[in-house]
Amino acid sequence: MSIDYSERIPNNVDLAEDRRLQRALESWQPRFLQWWGEMGPALPTQDVYLRTAVDVGRAGWANFDRVRLPDYRWGIFLAERDPDRRIAFGQHKGEPVWQQIPGEHRASLQRLIVVQGDTEPASVEQQRRLGLTAPSLYDLRNLFQVNVEEGRHLWAMVYLLHAYFGRSGRDEAEALLLRHSGSEDAPRILGAFNEETPDWLSFFMFTYFTDRDGKYQLGTLKESAFDPLSRTCEFMLKEEAHHMFVGTTGVDRVVERAAQLMSEHDTDDIARHGGIPLGVIQKYLNFHYSVSLDLFGGETSTNVANYFSSGLKGRWLEERRGDDHVLTEAATAVEQADGDRIVSVELPALTALNHDLRTAYIRDCETGVTRWNRILDSHGITGHRLALPHVGFNRKVGAFAGCHVTPGGQIVDAATWAAGRSSWLPAPADKAHVESLMRPVYEPGKIAAWLAPPRSGINGQPLDYEYVRF
């Protein structure tokens, strides 16, 4: 398949000048389009009002226009190169960053890119059927924007695999389209990306919590001594911000509507009035937060310590840290289970880098919970508070895997956990109620009754704009 590299795949990596890379992408692109047709959005549309990146500059990275989803231009962009950039951490601190991959780090870097790349198509697959129950055209458009940008992030990782890793990279790029979210035979690599996203409350929680994990993972790769990976992730972070905006404001609007109904009917039991009770919102929050925490891996990891020391993967905001950026002598406090107690122990900071990243993530997540509680305050609802559960709650990975920890941070036995589970995590009745509310609203300016309208439209457009045409 012949491709116009300046138009069909807008890029700033000189695709048109690299014949070997052209051939590789010409072989991969039809498979990507086949995957998109089979595993992408299930709702047929005529066109969607979407943002497309055509350049990395201020005027180029956010162009809005109506686009047919299969015709979206999945471009390849790296942030502008800094010729003076130096490695900021690890054993090679102060040396020039790498434009090519040192042979001894080839396998590790390829693995990091593959794991990140695998998450991008996974979320598209998880969200495939959400368009069938969209609460408004505004929300439907935001869903599709998230989907196409996840597709573009897949292209970004595939470019790196093709451009720098030879045959093994091409094989891994193919495999990214062969694994599928939730598949028994070929699941996605990380557990959270094999969970269902069956409704819009789950989608808003996913884009708040799980895409926020993506922000922090990309932030560590942005520090990499391998400059093309660093620059790729730096540009991806611009688009990731919109995904988190969708989650933050989506939960805002669910909480806002719940508060309105509670005030209007003077009751917490708003399910019968077409809303989602705060208790159910809290259960969904508990689930998506705990599943997202598992994405950070175990609190300690010698692999991650080696990535740091080798310069492959840094810390969040590495250059703003006030330490020596080597960490051979540093220690940090980490919580873990000790019988029926949770204790804090001092561990080497170098092996506890997953814990360091997770701590920054938790602080970020807390800002959303504070925001949602302020919405409750604004409606005079002071007896209810949303909260993040304890870091050990519902964990399958890390120090608390296999422990029964309540949201409040108490270790309990299996029987107590089983008895309390339906109070802490979405029960079948909760899911059935949320599902009952998922009825599509496709009329411009209209919105489902279980969430509040957004405060403004997209790119200055009015709320009643026809964001999606069928």
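You'll find the structure just up there.
Structure report, in brief. Here the structure is a predicted model, which is why all the values come from computation and not from measurement.

Here the focus is the overall build of the protein chain. Helices and strands together make up the secondary structure of the protein chain, namely eleven helices and five strands. Computed over C-alpha atoms, the radius of gyration of the protein chain comes to 23 Å, within 12% of the 23 Å expected from 2.2 N^0.38 for 470 residues, which places it in the range of a compact globule. Each of the three principal axes of the protein chain carries a C-alpha extent, and together these read 65 × 60 × 40 Å. The buried share of the protein chain, reckoned over its 470 residues, is 56%. Of all intrachain contacts in the protein chain linking residues separated by at least 6 positions in sequence, the fraction that spans at least 24 positions is 72%. Of the roughly 19,500 Å² of accessible surface on the protein chain, a fraction of 47% belongs to carbon and sulfur atoms. One way to put it: in the protein chain the 51 positive side-chain charges average out to a point 2 Å from where the 64 negative ones average out.

Let us now look at the packing of aromatic side chains. Applying the stated criterion across every chain, the model contains 32 aromatic pairs. Both rings, one in F32 and one in W35, keep their centres 5.7 Å apart while their planes meet at 35°; by these two values the pair is tilted. One end of the pair is F32 and the other is W35, both in helix α1 (residues 19–39) and three residues apart, which spans about a single turn. Residue classification places W35 among the buried positions, given a relative accessible area of 3%. Through a chain of ring-to-ring contacts, three or more aromatic side chains come together here, namely Y208, F209, Y216, Y289, F296, W316, Y361 and W372. A cation over an aromatic ring shows up here: R212 above the ring of Y208, its NZ or CZ 4.0 Å from the ring centre.

Next up on the list: the pattern of salt bridges. The full count for this structure, using the stated rule, is 26 salt bridges. R31 serves as the salt-bridge partner of E174, at 3.3 Å between the closest nitrogen and oxygen. Highlighted residues: E174 in helix α4 (residues 166–175) and R31 in helix α1, separated in sequence by 143 residues. A relative accessible area of 24% means that E174 is categorised as partly exposed. Three or more residues joined by partner-sharing salt bridges are found here, namely D118, E125, R179 and R188.

This brings us to the pairing of strand β3 (residues 331–338). Consecutive side chains of a regular strand alternate in pointing toward one face of the sheet and then the other. Pairing of β3 with strand β4 (residues 341–348) involves eight bridges; the strand directions are antiparallel. Each bridged residue has a counterpart across the sheet, and for A331 the counterpart in β4 is P348. Here β3 folds back onto β4 in antiparallel fashion, the turn holding two residues, of which G339 has a positive phi close to 65°.

Our focus in this paragraph is helix α2 (residues 106–126). For α2, with 21 residues, the first-to-last C-alpha span of 31 Å sits near the 30 Å given by 1.5 Å per residue. The element α2 is extensively covered by neighbouring structure, given that 16 of its 21 residues are classed as buried.

Here α1 crosses α2 at 30°, and the two axes come no closer than 9 Å. Here α1 is positioned roughly parallel relative to α2, judged by the angle of their axes. Contacts between α1 and α2 involve W35, W36 and M39 on the former and, on the latter, P121, V124 and E125. For the contact of α1 with α2, a count of residues per class yields five nonpolar, no polar and one charged.

On to the state of the cysteines. This structure, assessed with the given rule, holds zero disulfides. There is no disulfide at C233, and the cysteine sulfur nearest it, in C365, is 20 Å away.

This paragraph deals with unusual backbone geometry. The phi angle at D14 is positive, at roughly 55°, despite the residue not being glycine. Here the phi dihedral of D266 falls at roughly 55°; this positive angle occurs in a residue that is not glycine. The residue D266 is located in the loop between α6 (227–265) and α7 (278–294) in this model.

With respect to the helices, strands and loops of the structure, D338 is situated in strand β3. Note: C-alpha distance between D338 and I411 (73 residues apart in sequence) is 9.6 Å.

Our focus in this paragraph is the sheet that holds strand β2 (residues 63–67). Strand order in the open sheet made by the three strands is β2-β1-β5, with antiparallel pairing throughout. The open sheet is flanked by β2 and β5 (468–469), the only strands paired with a single partner. Of the strand pairs in this sheet, strand β1 (residues 47–52) and β5 are connected by two bridges, and their pairing is antiparallel. Along β5, the bridge assignment pairs D47 with R469.

What follows covers the side chain of Q282. In this structure, Q282 sits in helix α7. Separated by 2.8 Å, the side chains of Q282 and N286 make a polar contact. Residue contacts for Q282: discarding those within four places in its chain leaves R385, L386 and A387.

This part is about the environment of V124. Mapped onto the elements of the fold, V124 is located in helix α2. Residue classification places V124 among the buried positions, given a relative accessible area of 0%. Discounting chain neighbours no more than four positions away, the residues touching V124 are W35, W36, M39, G40, N147 and E150.

Criteria and cut-off values
Residue numbering note: each chain is counted from 1, following its sequence as written. The model is predicted, so local features are restricted to residues of pLDDT at least 70 and side-chain atom pairs to those at 80 or more, both for listing and for counting; the totals for chains, interfaces and linings are taken over all residues. By convention in this description, side-chain values take in all heavy atoms of the structure and omit both hydrogens and water. Every helix listed is a DSSP run of H or I at least four residues long, and every strand listed is a run of E at least two residues long, numbered separately from the N terminus. Both definitions apply: the radius of gyration is a C-alpha atom measure, and the globule rule equals 2.2 Å times residues to the power 0.38. Buried, partly exposed and exposed residues are distinguished by accessible area as a fraction of the type maximum, computed with a 1.4 Å probe on protein chains only: under 20%, between the cut-offs, and over 50%, respectively. Whether two residues touch is decided by their heavy atoms; if any such pair falls within 4.5 Å, the residues are in contact. For accessible areas, the Shrake-Rupley method is used with a probe of radius 1.4 Å. Any residue's cover is judged against the shown protein chains and nothing else. In this tally, Lys and Arg are treated as positive and Asp and Glu as negative; His is ignored, and so are the chain termini. Charge coordinates come from a single atom per side chain, which is NZ of Lys, CZ of Arg, CG of Asp or CD of Glu. In this scheme Phe, Tyr and Trp rings, the latter by its six-membered ring, pair at centre separations within 6.5 Å, and the angle between planes marks the pair as stacked below 30 degrees, edge-to-face above 60, and tilted otherwise. Over a ring means this: the NZ of a Lys or the CZ of an Arg is within 6 Å of the ring centre and within 35 degrees of the ring normal. Here, a salt bridge means any Lys or Arg side-chain nitrogen found within 4 Å of an Asp or Glu carboxyl oxygen. Between any two strands, pairing holds if DSSP finds at least two bridges. Multiplying one less than the number of residues by 1.5 Å gives the expected span of a helix. All axes are obtained by fitting lines to C-alpha atoms, using only the stretch in contact for helices, and the reported angles, taken between N-to-C directions, cover 0 to 180 degrees. Orientation categories follow fixed angle ranges, with anything under 35 degrees roughly parallel, anything over 145 roughly antiparallel, 65 to 115 roughly perpendicular, and all other angles oblique. Each residue gets one label: Ala, Val, Leu, Ile, Met, Phe, Trp, Tyr, Cys and Pro are nonpolar, Asp, Glu, Lys and Arg are charged, and the others, such as Gly, are polar. Pairs of cysteine sulfur atoms within 2.5 Å are identified as disulfides in what follows. In the analysis that follows, any N or O atom pair within 3.5 Å is treated as a polar contact, provided that within protein one partner can donate a hydrogen and the other can accept it, and provided that, for residues neighboring in sequence, both atoms belong to side chains.

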